[in-house]
Amino acid sequence: IINRNRYVYILKILTLSIAFACTIVIALFAFNEFGYDRFHDNSELAFRILRRNDREDFSGNRNSNQIPENIVTSLRSLFGDSLIISPVKVIDGLDISAGGRMWRGRKLHAANPSIADILTFNIAAGSLTNFTTTPPSIILSARASLKYFGTVLSEGRSLKISVVSDTIHFRIAAVFKDFPANSHEDFEAFISFDSTTLRALNFDPAISGVYGRVKQSTMGHFQKAIYSHIREQNASYKLQPLPEIYFGPRVIGEDA
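The following refers to the structure shown.

The rules behind these values
- Residues numbered from 1 in each chain as written.
- Predicted model: local features only at pLDDT ≥ 70, side-chain atom pairs only at ≥ 80, totals over all residues.
- Heavy atoms only, no water.
- Buried < 20%, exposed > 50% of the residue type's maximum accessible area, 1.4 Å probe, protein only.
- Helix = DSSP H or I, 4+ residues; strand = E, 2+ residues; numbered from the N terminus.
- Arc of directions from axis to C-beta.
- Core = buried A, V, L, I, M, F, W, Y, C linked by side-chain atoms within 4.5 Å.
- Contact = heavy atoms within 4.5 Å.
- Axes fitted to C-alpha atoms, helices over the stretch in contact; angles between N-to-C directions.
- Left-handed = near helix turned anticlockwise from the far one by under 90°.
- Salt bridge = Lys/Arg side-chain N within 4 Å of Asp/Glu carboxyl O.
- 1 Å grid on protein atoms, 1.4 Å probe; cavity = no way out; pocket = protein on both sides within 12 Å on 5 of 7 lines; lining within 4 Å.
- Points joined across faces, edges and corners; volume = space filled by probe spheres on them.
- Nonpolar A, V, L, I, M, F, W, Y, C, P; charged D, E, K, R; others polar.
- Polar contact = N/O pair within 3.5 Å; in protein donor to acceptor, adjacent residues only side chain to side chain.
- Pairing = 2+ DSSP bridges.

Examining helix α5 (residues 219-229)
Link 1 in the chain: Every buried residue belonging to α5 is among Met219, Phe222, Gln223, Ala225 and Ile226, and all of these are buried. Take α5 and look down its axis: the buried residues cluster within an arc of 165 degrees, on one side only.

Quick word on the nonpolar core
Link 1 in the chain: Residues Leu108, Ile138, Leu140, Tyr148, Leu159, Ile161 and Ile191 are the most contacted members of the largest nonpolar core, which totals 28 residues.
Link 2 in the chain: Of all the secondary structure elements, the ones that give two or more residues to this core are β4 (83-98), β5 (101-111), β7 (137-141), α3 (142-149), β8 (158-162), β9 (167-176), β10 (189-192) and α4 (195-200).
Link 3 in the chain: In this structure, Ile161 is in contact with Leu94, Asp95, Ile96, Leu108, Ile138, Asp166, Thr167, Ile168, Phe170, Ile191 and Leu201, ignoring residues within four places of it in sequence.
Link 4 in the chain: One finds Phe121, Phe176, Leu242 and Ile245 within the second-largest nonpolar core, a separate group that totals 19 residues.

Here we look at unusual backbone geometry
Link 1 in the chain: The phi dihedral of Asp37 falls on the positive side, at around 65 degrees, and the residue is not glycine.
Link 2 in the chain: The exposure class assigned to Asp37 is buried, which follows from its relative accessible area of 0%.
Link 3 in the chain: A positive phi angle is found at Asn202, which is not glycine, with a value near 70 degrees.
Link 4 in the chain: Looking at where Asn202 falls in the secondary structure, it is placed in the loop between α4 and β11 (207-214).
Link 5 in the chain: Judged by relative accessible area, Asn202 falls into the exposed class, the value being 52%.

Side note on the packing of helix α2 (residues 69-79) against α5
Link 1 in the chain: Remark: α2 packs on α5, axes separated minimally by 12 Å, with the N-to-C direction vectors making an angle of 120 degrees. As α2 packs across α5, the resulting crossing turns out to be right-handed. Where α2 abuts α5, its residues Leu75, Leu78 and Phe79 lie against Phe222, Ala225, Ile226 and His229.

Let's talk about the pattern of salt bridges
Link 1 in the chain: Across all of its chains, the model carries nine salt bridges by this definition.
Link 2 in the chain: A network of salt bridges, in which partner residues are shared, links Arg106, Lys147 and Glu188.

Overview of empty space enclosed by the protein
Space left empty within the atom packing is revealed by a probe, the size of a water molecule, rolled over the atoms.
Link 1 in the chain: Evaluation of the coordinates by the stated rule reveals two cavities of 30 Å³ or more.
Link 2 in the chain: Taken as a whole, the second largest cavity holds about 30 Å³ of empty space.
Link 3 in the chain: Contributing to the lining of the second largest cavity are Ile49, Ile71, Leu75, Ile226, Ile230, Tyr237 and Leu239.
Link 4 in the chain: Here the lining of the second largest cavity is composed, by residue class, of seven nonpolar, no polar and no charged.

As for the environment of Asp194
Link 1 in the chain: Mapped onto the elements, Asp194 comes out in the loop between β10 and α4.
Link 2 in the chain: The exposure class of Asp194 is partly exposed, given its relative accessible area of 22%.
Link 3 in the chain: Measuring from C-alpha to C-alpha, the distance between Asp194 and Arg250 comes to 29 Å, with 56 residues separating the pair along the chain.
Link 4 in the chain: Of note is the side chain of Asp194, whose polar atom sits 2.9 Å from the side chain of Thr197.

Here we look at the pairing of β5
Link 1 in the chain: When β4 meets β5, the two strands line up antiparallel, connected through eight bridges. Residue pairing for β5: Ala98 is matched across the bridge by Arg101.
Link 2 in the chain: Here β4 hands over to β5 after two residues, with Gly99 in that stretch at a positive phi of 60 degrees.
Link 3 in the chain: Of the strand pairs in this sheet, β5 and β10 are connected by three bridges, and their pairing is parallel. Within the sheet, the bridge partner assigned to His109 lies in β10 and is Phe190.

Functional significance is not addressed by these values, which are geometric in nature.
The structure is reproduced here in structure tokens:
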């Protein structure tokens, strides 16, 4: 039968092959899209905090990831044993110098050392225990380390970050393997979150994004507790799990 109708069967085989190939491509794309931020260990326990403007007469986007410093302090006071919290400040427009070369308009992030317990870092060189505020230190992605130093093994070296008014030297504490492309934010490097350092770089440390991780109980438990204990006129706060950020609502913020 195939021999008598070989042209028809060749056409069927070709069309089925194309359909099968397209199905594989669509499936891989879908797996990648739904896998955003799931590469972190126990990603459903990691979150960022959103602030919602509850004013009835407000017009516009009500959601913001810019959290005041007093809210961070309140969270640590209330849930210090059960939640890990770290401010994460976007700092961009920086001039970075290393090895006699300069890169302009770069974007980095500032975070507390506790960020290592919130996001998952696979260390390629150095140690996260060296990520401190004194002296100012920085952790780089492998891609950034290759860009600035030509090698992944750059721990212990010095990086200069400059703005118009000041230049600060940062010690490379560690180099981590690049996050996958399906991360909601391109985290290239983290400098230690220090108010004096941030002000010297012309950034306000009083407002920043906030990331965290649940150590005990469930996220729903803490969400209810936050609604009960952290009150602000015309505003409320929500814990947004990392895997929900990519498909979540648009948010006003430094990295919006």
